[in-house]
Amino acid sequence: MRIKSSVACLTLFTAAAAATPVAMAQSAGERDNSGFFISGSYGGYKAHGGEFDDDRDLYGVSAGYQFNPFFALEADYIDFGKFGDDEVRSDLKGLSLSAKGRLPLTEAFGVYGKVGAFASDMEVSAFDEDETYDEVSPFVGAGVDFMMTHSLTAFAEYNRYNVDIDEDDFNGQVTNDGPEFDTARVGLRYTF
């Protein structure tokens, strides 16, 4: 369920951005799908990194604006929940802001790439010590979408996030500087 490299995401995003002028010339007859949107999603993630290795569910809600069939801005809230092992537990939530470049393959089906910033709030409990880390880090993603009606679109998406911690906070007992997250989720988006 996970993709091993974010390089594929960047390649997809670059291809979508490079193909946009050609797609725009071919899409004059497409229906207008611009406007504000909201979405909800459910999926899973794999956390990588020392004591943080774990598989869990995640939930997300989003809002944004679709400017045209090729470009959107999106704000996303994601709850990763609790993860870790018996000695090192963490709870992660975050907000992201991203730019999405989309390549329509048909009037209803498209692929997209996204890049943005992830503002995270991560609480870590390890070896009888508790710390909270608030930071902003870049992330990348890619997905596919299918317009079921003029307003309702289904999507499937992969994103890669990275969160850092300070190893010195735990007397050197935490063996890494933070987990990376491969996420996969499906959802529905409603455009007003």
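Before reading on, note that the structure itself is shown above.
Participant: How would you summarise the pattern of salt bridges if you had to cite specific residues and measurements?
Facilitator: Enumeration according to the criterion identifies 12 salt bridges in this entry. A salt bridge links K100 to E74, with the shortest nitrogen-to-oxygen separation between them at 4.0 Å. With K100 in strand 4 (residues 88-104) and E74 in strand 3 (residues 71-84), this residue pair connects regions lying 26 residues apart in the sequence. Where salt bridges share partners, they join E74, D76, K100, K114, E157 and R185 into one cluster.

Participant: Could you give an account of the sheet that holds strand 4, with specific residues and numbers?
Facilitator: The strands making up a sheet associate through hydrogen bonds between their backbones, and the pairing can be parallel or antiparallel. Spatially, 1-2-3-4-5-6-7-8 is the arrangement adopted by the eight strands of the closed barrel, whose pairing is antiparallel. Here the average twist between neighbouring strands, direction ignored, is 20 degrees. Of the pairings in the sheet, the one linking strand 5 (residues 109-126) to strand 6 (residues 129-147) comprises 18 bridges and is antiparallel in character. Residue M122 lies in a different strand from strand 6, and its bridge partner there is Y133.

Participant: Describe the environment of S96, listing the residues and the values that go with them.
Facilitator: Residue position: S96 is located in strand 4. Among the residues examined, S96 registers a relative accessible area of 5% and is labelled buried. Placed 20 residues apart in sequence, S96 and G116 show a C-alpha to C-alpha distance of 6.8 Å. Residues within four places of S96 in sequence aside, it is in contact with E74, A75, D76, A117, F118 and F139.

Participant: Describe the pairing of strand 5, naming the residues involved and giving the relevant values.
Facilitator: As paired elements, strand 4 and strand 5 share 17 bridges and run antiparallel to each other. Paired with P104 across the bridge in strand 5 is G110. Connecting strand 4 to the antiparallel partner strand 5 that follows it, the hairpin turn spans four residues. Between strand 5 and the antiparallel strand that follows it, strand 6, lie two residues; F127 among them carries a positive phi value of about 50 degrees.

Participant: Before we move on, could you go through the side chain of T183 and cite the residues and values that matter?
Facilitator: Checked against the element boundaries, T183 lands in strand 8 (residues 180-191). Assessed through its relative accessible area of 2%, T183 is described here as buried. With near-sequence residues (within four places) excluded, T183 lies in contact with G44, Y45, L58, F80, E157, Y158, N159 and Y161.

Participant: Could you give me a rundown of a negative patch on the surface, with the residues and numbers involved?
Facilitator: Taken together, the side chains of D53, D55, D85, D86 and E87 present a region of like negative charge at the surface. Summarising the element assignment, E87 is placed in the loop between strand 3 and strand 4. On the basis of relative accessible area, E87 is assigned to the exposed category, the value being 52%.

Participant: Before we move on, could you go through the packing of aromatic side chains and cite the residues and values that matter?
Facilitator: With the rule as written, the count across this model stands at 14 aromatic pairs. Ring geometry for F83 versus F181: centroids 5.3 Å apart, planes at 85 degrees, classification edge-to-face. Taken together, the positions of F83 in strand 3 and F181 in strand 8 put the pair 98 residues apart, joining distant regions of the chain. In this pair, the class of F83 matches that of F181, namely buried. Three or more aromatic residues joined by ring pairs make a cluster, and in this case those are Y45, F80, F83, F118, F139, Y161 and F181. The lysine or arginine in question, K100, covers the ring of Y112, its NZ or CZ lying 4.2 Å from the ring centre. In this arrangement the basic side chain of R189 is found over the ring face of F37, its NZ or CZ atom lying 5.5 Å from the centre.

Participant: How would you explain the pairing of strand 2 (residues 54-68) if you had to name every residue and give the values?
Facilitator: In terms of strand pairing, strand 1 (residues 35-48) meets strand 2 through 13 bridges, oriented antiparallel. From the neighbouring strand, Y45 faces strand 2, where its bridge partner is R56. Across nine bridges, the pairing between strand 2 and strand 3 is antiparallel. When the sheet's bridge partners are listed, Y59 is paired in strand 3 with D79.

What counts, and where the lines are drawn
- Residues numbered from 1 in each chain as written.
- Predicted model: local features only at pLDDT ≥ 70, side-chain atom pairs only at ≥ 80, totals over all residues.
- Heavy atoms only, no water.
- Salt bridge = Lys/Arg side-chain N within 4 Å of Asp/Glu carboxyl O.
- Helix = DSSP H or I, 4+ residues; strand = E, 2+ residues; numbered from the N terminus.
- Pairing = 2+ DSSP bridges.
- Axes fitted to C-alpha atoms, helices over the stretch in contact; angles between N-to-C directions.
- Buried < 20%, exposed > 50% of the residue type's maximum accessible area, 1.4 Å probe, protein only.
- Contact = heavy atoms within 4.5 Å.
- Patch = residues over 30% accessible without salt bridge, like charges linked within 9 Å, V, L, I, M, F, W, Y side chains within 5 Å.
- Areas by Shrake-Rupley, 256 points an atom, 1.4 Å probe, with all protein chains shown as cover.
- Lys, Arg positive; Asp, Glu negative; His and termini not counted.
- Charge placed at Lys NZ, Arg CZ, Asp CG, Glu CD.
- Phe/Tyr/Trp six-rings, centres within 6.5 Å; stacked < 30°, edge-to-face > 60°.
- Lys NZ or Arg CZ within 6 Å of the ring centre and 35° of its normal.

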